[in-house]
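Survey of secondary and tertiary structure
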Amino acid sequence: MPVNLRGRSVLSLKDFTPEEIRYLLNLSKDLKEKKRAGVRGELLERKNICLIFEKTSTRTRCAFEVAAFDEGANVTFLTNSQMGKKESIEDTARVLGRYYDGIEFRGFEQNTVEELAKYAGVPVWNGLTDMYHPTQILADFLTIMEHVNKPLNKVKFVYAGDARNNMGNSLMIGAAKMGMHFVALAPKSLWPSEELVDAMKAVAKETGAVLEFSEDIEAVDGADVIYTDVWVSMGEEHLFEERIKMLKPYQVNMDMVKKTNNPDVIFMHCLPAFHDLKTEVGIQIQAEHGIPEMEVTDEVFRSKHSVVFDEAENRMHTIKAIMVATIGNL
């Protein structure tokens, strides 16, 4: 049965079937090959896109802008709107939906992006909220397809760190949908919510996925992918000391990599990563907490196992696929 995503919002991969996710990944691959070949795109020609940002961004903003320009769209980068200040989210959505063909939102609350989608009348894309980061997961899975010589449903994927943040949630959802063996390696207090786990276990029964939750580092044995994210998300900076104590045993270092017993295991991170002292935050953490590296060591980050920059590039290709599939001139 052909897949048609025209007019759909992308708020979480929970809302998509495995076939629809696979379609987006294959479209991403095709669009990436076209860009590499220097083929000029026009699938978003005469489309207007609004990017709303409450949080700072490097990859999300740049990926959306370049992807839009590649296919002929115009973009407005909006950070100083009246939304939530002098104007409700509903009213803002109704206005922007009259101007734009699609709206991206990157911010704090999932409720905000859901309300935008409810009232805008055009597709709304979640560029990151407190609960989900669907565009990142598509980039991650495209990267795995490029670097792991197995179909996704044969991949063992280990997420080490804060497994109940937006990345932990979204990776578990994506893995369940695509039939993967997903391991959340974290202190039990940082495992995903029981409600979400139960929902994804129901999905796993249909797809053959395995969902595993462990506090034991030995769970990395046989992993094809080790993934981590920052220990403290934006807005949680007051938790640095607590999280460092909780998550130091789950730092991705060469000892963990060796425990996979897989010389071809790949390391992934959605970035930015605190792996050295070349950032203001890294220097501050070193001064206050006495550690030069956090969720991943510099040795692993720069090793042959690391595919983080391929992963970062793939944000652009998968975001392009989302826009083309939902508002494009296909």
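What comes next is a walk through the structure. (Residues numbered from 1 in each chain as written. Predicted model: local features only at pLDDT ≥ 70, side-chain atom pairs only at ≥ 80, totals over all residues. Heavy atoms only, no water.)

This paragraph deals with the state of the cysteines. Enumeration according to the criterion identifies zero disulfides in this entry. No disulfide involves Cys-50; its sulfur sits 16 Å from the nearest other cysteine sulfur, which is in Cys-62. This cysteine, Cys-270, is not joined by any disulfide, and Cys-62 carries the nearest cysteine sulfur, 16 Å off. Judged by relative accessible area, Cys-270 falls into the buried class, the value being 7%. (Disulfide = S-S within 2.5 Å. Buried < 20%, exposed > 50% of the residue type's maximum accessible area, 1.4 Å probe, protein only.)

This next bit is on the pattern of salt bridges. Using the criterion set out here, one finds 16 salt bridges in the structure. In this structure, the salt-bridge partner of Glu-313 is Arg-36, at a minimum N-O distance of 2.8 Å. You can see Glu-313 sitting in helix H12 (residues 308–327) and its partner Arg-36 sitting in helix H1 (residues 18–36), a full 277 residues away along the chain. With its nearest N and O atoms 2.9 Å apart, the salt bridge here joins Asp-70 to Lys-320. With Asp-70 in helix H2 (residues 59–70) and Lys-320 in helix H12, this pair connects stretches of sequence that are 250 residues apart. (Salt bridge = Lys/Arg side-chain N within 4 Å of Asp/Glu carboxyl O. Helix = DSSP H or I, 4+ residues; strand = E, 2+ residues; numbered from the N terminus.)

All right, on to the environment of Gln-82 then. Mapped onto the elements, Gln-82 comes out in the loop between strand E2 (74–78) and helix H3 (89–99). Residue classification places Gln-82 among the partly exposed residues on the basis of a relative accessible area of 38%. Here the alpha-carbon distance between Gln-82 and Thr-92, two residues ten residues apart in the chain, equals 7.8 Å.

On to H3, then. Among the residues making up H3, those that are buried are Ile-89, Thr-92, Ala-93, Leu-96 and Gly-97. Down the axis of H3, the buried set is contained in an arc of 130°. They therefore lie on one face. Looking at the buried residues of H3, the elements they touch are strand E1 (48–53), E2, strand E3 (102–106) and helix H4 (110–120). (Arc of directions from axis to C-beta. Contact = heavy atoms within 4.5 Å.)

Right, let's talk about the side chain of Thr-92 for a bit. You can see Thr-92 is positioned in helix H3. Of note is the side chain of Thr-92, whose polar atom sits 3.1 Å from the side chain of Glu-87. Here Ser-88 takes part through its backbone oxygen, which lies 2.9 Å from a polar atom of the side chain of Thr-92. Once residues lying within four places of it in the same chain are set aside, the contact partners of Thr-92 are Met-83 and Glu-87. (Polar contact = N/O pair within 3.5 Å; in protein donor to acceptor, adjacent residues only side chain to side chain.)

The subject of this paragraph is the sheet that holds strand E7 (residues 210–214). On the basis of which strands lie adjacent, the open sheet formed by five strands has the order E7-E6-E5-E8-E9 and parallel pairing. Across the chains shown, the open sheet's two edge strands, defined by having one partner strand only, are E7 and strand E9 (266–269). Neighbour-to-neighbour, the strand axes of this sheet turn through a mean angle of 20°, independent of strand direction. Relative to E9, strand E8 (residues 225–228) runs parallel, the two being bridged by four bridges. When the sheet's bridge partners are listed, Tyr-227 is paired in E9 with Met-268. Along the sheet, helix H5 (residues 134–147) contacts strand E5 (156–160), E8 and E9; its crossing angle with E9, the most-contacted strand, is approximately 165°. (Pairing = 2+ DSSP bridges. Axes fitted to C-alpha atoms, helices over the stretch in contact; angles between N-to-C directions.)

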